[in-house]
Number of protein chains: 2
Amino acid sequence: MSNEQPETGRARRVTIFDVAAASGVSRGTISRYLNDSGYVSESARQAIKDAVEEVGYVPNTAARSLATRQTKNIAFVVHESHNMFYNDPNLGGMLTAANRVLSEADFQLVILILDTEQTLSRIAGHLRGGYVDGAILVSVRAEDPLLRIVQELGIPAAMAGRPAGASSVPWVDVDNVEAARGISARLVGTGRKRIAMIEGPETMRAARERLAGFTSAVGAHFDANLVIPTPDWGHESGFDAMREILRREPAVDGVFAACDAIAIGAMDALREAGKSVPGDVGVVGFDDSLWAKRSFPGLSTVRQPVEEMGARMAAMVLRQLKGEDLRHTHEIVPTSIVWRDSA
Amino acid sequence: MSNEQPETGRARRVTIFDVAAASGVSRGTISRYLNDSGYVSESARQAIKDAVEEVGYVPNTAARSLATRQTKNIAFVVHESHNMFYNDPNLGGMLTAANRVLSEADFQLVILILDTEQTLSRIAGHLRGGYVDGAILVSVRAEDPLLRIVQELGIPAAMAGRPAGASSVPWVDVDNVEAARGISARLVGTGRKRIAMIEGPETMRAARERLAGFTSAVGAHFDANLVIPTPDWGHESGFDAMREILRREPAVDGVFAACDAIAIGAMDALREAGKSVPGDVGVVGFDDSLWAKRSFPGLSTVRQPVEEMGARMAAMVLRQLKGEDLRHTHEIVPTSIVWRDSA
DNA sequence: TATGTATGTGTGCACGCTCACACATGTCTG
DNA sequence: CAGACATGTGTGAGCGTGCACACATACATA
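Quick notes on the rules
- Residues numbered from 1 in each chain as written.
- Chains lettered and ligands numbered in written order.
- Predicted model: local features only at pLDDT ≥ 70, side-chain atom pairs only at ≥ 80, totals over all residues.
- Heavy atoms only, no water.
- Least-squares fit on C-alpha atoms with pLDDT ≥ 70 in both.
- Contact = heavy atoms within 4.5 Å.
- Salt bridge = Lys/Arg side-chain N within 4 Å of Asp/Glu carboxyl O.
- Helix = DSSP H or I, 4+ residues; strand = E, 2+ residues; numbered from the N terminus.
- Buried < 20%, exposed > 50% of the residue type's maximum accessible area, 1.4 Å probe, protein only.
- Axes fitted to C-alpha atoms, helices over the stretch in contact; angles between N-to-C directions.
- Parallel < 35°, antiparallel > 145°, perpendicular 65-115°, else oblique.
- Left-handed = near helix turned anticlockwise from the far one by under 90°.
- Nonpolar A, V, L, I, M, F, W, Y, C, P; charged D, E, K, R; others polar.
- Domains from an automatic or database assignment.
- Pairing = 2+ DSSP bridges.
- Core = buried A, V, L, I, M, F, W, Y, C linked by side-chain atoms within 4.5 Å.
- Near = heavy atom within 4 Å.
- Polar contact = N/O pair within 3.5 Å; in protein donor to acceptor, adjacent residues only side chain to side chain.
- Right-handed = clockwise from strand over helix to strand, strands pointing away.

Structural notes on the relation of the copies chain A and chain B
Line of reasoning, step 1. Superposition record for chain A on chain B: RMSD 0.3 Å, screw rotation 180 degrees, translation along axis 0.1 Å. A rotation of that kind, with that shift, is consistent with a two-fold axis.
Line of reasoning, step 2. Same-surface contact between copies: 100% of interface residues of chain A are shared with the interface of chain B.

See the structure below:
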């Protein structure tokens, strides 16, 4: 009696054999139908379609993956603490767009967050163990072990941002110099004379590039004494740096912060010092994060086309999956500027 | 010559047979070693360990999954636009904690974002196709088709928040009434007399529960005329609602906003009206989002133990995987209050 | 008529693993 | 000393697919 449906044993899965039985067609033909390989008659097609519906068939991913040696999964690896992960506005946009592009090609995005040594080995195992067919790497560090692993495995990959060292992995980046020049020019254009920059971590390429753009834009107004590097990209660092700038030059009337969080920190320091923005001091940032929209006054900043970047990285991976050799290539995408009230 | 290593054909994978050959032990023993099934001698264990290292063996997930009928994947399904996904501070915390718990049990979290009809069918396919062994559902709507699918499939699942209708899926939630009572009491305790609430969407259970807590806390000071519902949980809605409150009662001196975004919107409206916070009006929120920390002044708010919730949901899924029947059960986790400067 | 080509179909095997079972050995009991 | 039991090991079958190949059939061509 109780044998009809064993209590614990799960129900037998519906397989391609069931569809074969129900449709009167062989497994091979059904497989061709499922994979659009052609050579399926209209009558067979219809019979299979009905049978699939009738028996409630869904192809088994594991079996398919075992046979084809493909998983239809792409890893989206974020090298960042979880905390940053859900605060960074750029990541979400890249994720969204990459997911859209991959979905259309019938791939699934698997998000892996790399924040400790332990997760590194787990993720390495994932990449090696055939969990995924390719990888999109975001916020890769200099000398990143992850990048080394990906290159050793030779799996199709793409990364956001220009790599610090030598790397064969194709990448997508914005033109930091040009973007920084564009936004800094606004400060000059509105008549600011004593213009400072909060540079960000000096070891980061993006920071140095933004400084180059700034230098080029402010021209004769440039004063090396008003360029302050910070230990990180955080709000606190912006606050501290702005205080230091005010100490060095109380008459400062313009600030370019290398990212929005720093800019907001700077604005807090200005408020503390009794300076008005943009009345006394014009402030511009970089990223167009949520903070830029919500700050008071709204922060003028550089908007990076993160969706575009995400989509391009996904496309790069797909192209490699099709056999294209994209090693040592890259793409640069244009930025735009969002004018709000802070400058 | 060129046959030694075919150009396009990928290298043959290292399998358990290679480990068997290198170690002089049979497949069966290796499998037992890999799965900690016991009955492996110390000498065999050592030989296998060395061989694995030597040949660089990594178990193939697909094959394992095919044989065991388990994927070691758990879906984290977010029913929310991508945009909300990376703005909502609560999601990230749940994600982090769930990921940690599952990792420890050697499960992998797969994040699925449900934002269109199309993704719904893709996700349903995922759940049905044996991609995952279980699911954690976040921000489930009333009458959510996703919830129906999960229940039909009968796969181990857990969800955040009390379900609107009947559901057998176990859930974890905070005590909204108690939390709202706690934070509202502060307004009364600091001598506020004309206390308003911006309620949030009336159709949402959480909003109604928070209103109940508020009502209980303010007691005799309660004025139904100062309770304003909003169409959504957004910043703009908070701004509009606060303007309306100021119109109805210019002497308002306390506001409980049903979430932080609303609270920040309300503070913007107060600033516009020339009111100081907390001098003229005390403001409290709910969520302890990033906005609460960064607002000026810092927002006093309710901190939901999102990590705790995420961890508990993960544990619920794991327990079901082990055979426990958790249907129709739930857990309530306690909140805490973060006092900052806004009240 | 013999041959070629395009289309359509079915079968055996491989993918890499786990699990059940058969079997071997050693130790402890009565 | 026979039996029971725990420990350790190897082998065959099966998980559900895709793919190569053998094999049909229909029609066009020489």
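Focus: the pattern of salt bridges
Residues and elements named next belong to chain A.
Line of reasoning, step 1. Taken as a whole and judged by the stated rule, the model has 34 salt bridges over all chains.
Line of reasoning, step 2. Put simply, Glu331 and Arg312 hold a salt bridge, and the shortest N to O gap is 2.8 Å. Placement of Glu331 in strand 11 (residues 330–333) and of Arg312 in helix 14 (residues 306–321) is noted, with a sequence separation of 19 residues between them.
Line of reasoning, step 3. Accessibility expressed as a relative area gives 27% for Arg312, which makes it partly exposed.
Line of reasoning, step 4. Residues joined in a network through salt bridges with shared partners are Glu308, Arg312, Arg319, Glu324 and Glu331.

What about the packing of helix 7 (residues 117–128) of chain A against helix 8 (residues 145–153) of chain A?
Packed helix pairs are specified by the crossing angle of their axes together with the interaxial distance, meaning the distance between the axes.
Residue and element names in this part refer to chain A.
Line of reasoning, step 1. Running from amino to carboxyl end, helix 7 crosses helix 8 at an angle of 15 degrees, the nearest separation of the two axes being 11 Å. Classed by the angle they form, the pair helix 7 and helix 8 counts as roughly parallel. Remark: the crossing between helix 7 and helix 8 carries right-handed chirality. The segment helix 7 lies against helix 8, with Leu120, Ile123, Ala124, Leu127 and Arg128 engaging Pro145, Leu146, Ile149, Val150 and Leu153.

Focus: the packing of helix 2 (residues 27–34) of chain A against helix 3 (residues 42–55) of chain A
All names here are of chain A.
Line of reasoning, step 1. Interhelical geometry of helix 2 versus helix 3 gives an angle of 85 degrees and a closest axis separation of 10 Å. Taken together, the axes of helix 2 and helix 3 are roughly perpendicular relative to one another. Of the residues in helix 3, those in contact with Thr29, Ile30 and Tyr33 of helix 2 are Ala44, Arg45, Ile48 and Lys49.
Line of reasoning, step 2. When its residues are assigned to classes, the contact of helix 2 with helix 3 shows four nonpolar, one polar and two charged.

Re the domain arrangement of chain A
Line of reasoning, step 1. Each domain of chain A was delimited in the assignment, giving domain 1 (16–59), domain 2 (73–173 + 307–331) and domain 3 (176–303).
Line of reasoning, step 2. Placing a centre on the C-alpha atoms of domain 1 of chain A and another on those of domain 3 of chain A gives a separation of 63 Å.

What about the sheet that holds strand 9 (residues 282–284) of chain A?
All names here are of chain A.
Line of reasoning, step 1. If you trace the four strands from one edge of the open sheet to the other, you get 7-6-8-9, paired in parallel fashion. Each edge of the sheet is formed by a strand with only one pairing partner; in this case those strands are strand 7 (227–229) and strand 9. In this sheet, adjacent strand axes meet at a mean angle of 15 degrees when their direction is disregarded.
Line of reasoning, step 2. Sheet analysis places strand 6 (residues 195–200) next to strand 7, joined by three bridges and oriented parallel.

Some remarks on the nonpolar core
General note: in soluble globular proteins, nonpolar side chains tend to be found buried as a group.
Line of reasoning, step 1. One finds A:Phe76, A:Ile136, B:Phe76 and B:Ile136 to be the most contacted residues of the largest nonpolar core, which totals 60 residues.
Line of reasoning, step 2. With near-sequence residues (within four places) excluded, B:Ile136 lies in contact with B:Ile74, B:Ala75, B:Phe76, B:Val77, B:Ala98, B:Leu102, B:Ala158, B:Met313, B:Ala314 and B:Val317.
Line of reasoning, step 3. Counting residues in hydrophobic clusters, the runner-up holds 56 residues, among them A:Ala266, A:Leu299, B:Cys259 and B:Ala269.

Quick look at the protein's contact with DNA strand C
Line of reasoning, step 1. Among the 26 residues in the neighbourhood of DNA strand C, the closest are listed as A:Ser26, A:Arg27, B:Ile16, B:Arg27 and B:Tyr57.
Line of reasoning, step 2. Backbone atoms, meaning sugar and phosphate, make up 63% of the atoms of DNA strand C lying within 4 Å of the protein.
Line of reasoning, step 3. Backbone polar atom of B:Asn60 to a phosphate oxygen of DNA strand C: 3.2 Å apart, as the coordinates give it.
Line of reasoning, step 4. B:Arg64 has a polar side-chain atom sitting 2.9 Å from a phosphate oxygen of DNA strand C.
Line of reasoning, step 5. Listing elements by their share of the surface near DNA strand C, those giving two or more residues are helix 2 and helix 4 (61–68) of chain A together with helix 2 (27–34) and helix 4 (61–68) of chain B.
Line of reasoning, step 6. Looking at side-chain class alone, the surface near DNA strand C contains 11 nonpolar, nine polar and six charged residues.

A short note on the pairing of strand 3 (residues 134–138) of chain B
Residues and elements named next belong to chain B.
Line of reasoning, step 1. In terms of burial, strand 3 is largely enclosed, as five of its five residues are buried.
Line of reasoning, step 2. In this structure, strand 1 (residues 73–79) lies alongside strand 3, joined through five bridges in parallel fashion. Opposite Val78, over in strand 3, you have Val138 as the bridge partner.
Line of reasoning, step 3. Alignment of strand 3 against strand 4 (residues 157–160), held across three bridges, turns out to be parallel. In the sheet register, Ala135 faces strand 4, and the bridge partner there is Ala157.
Line of reasoning, step 4. With respect to chirality, the unit in which strand 3 leads through helix 8 (residues 145–153) into the neighbouring parallel strand 4 is right-handed.

Comments concerning the protein's contact with DNA strand D
Line of reasoning, step 1. Lining the immediate surroundings of DNA strand D are 28 residues, of which A:Arg27, A:Arg64, B:Ser26, B:Arg27 and B:Ser41 lie closest.
Line of reasoning, step 2. Here DNA strand D approaches the protein such that, of its atoms within 4 Å, sugar and phosphate make up 60%.
Line of reasoning, step 3. A distance of 2.5 Å separates a base oxygen of DNA strand D from a polar side-chain atom of A:Arg27.
Line of reasoning, step 4. Measuring from a base nitrogen of DNA strand D, one finds a backbone N or O atom of A:Ala63 at 3.4 Å.
Line of reasoning, step 5. Counting residues per element, the ones that place at least two in the surface near DNA strand D are helix 1 (16–23), helix 2 and helix 4 of chain A together with helix 2 and helix 4 of chain B.

As for the side chain of B:Asp288
Residues and elements named next belong to chain B.
Line of reasoning, step 1. Here Asp288 is to be found in the loop between strand 9 (282–284) and helix 13 (290–294).
Line of reasoning, step 2. Given the relative accessible area of 14%, Asp288 is considered buried.
Line of reasoning, step 3. At 3.1 Å, the side chain of Asp288 and the side chain of Arg340 are in polar contact.
Line of reasoning, step 4. Once residues within four sequence positions are removed from consideration, Asp288 is found in contact with Asp260, Lys293, Thr301, Val302, Arg303, Val338 and Arg340.

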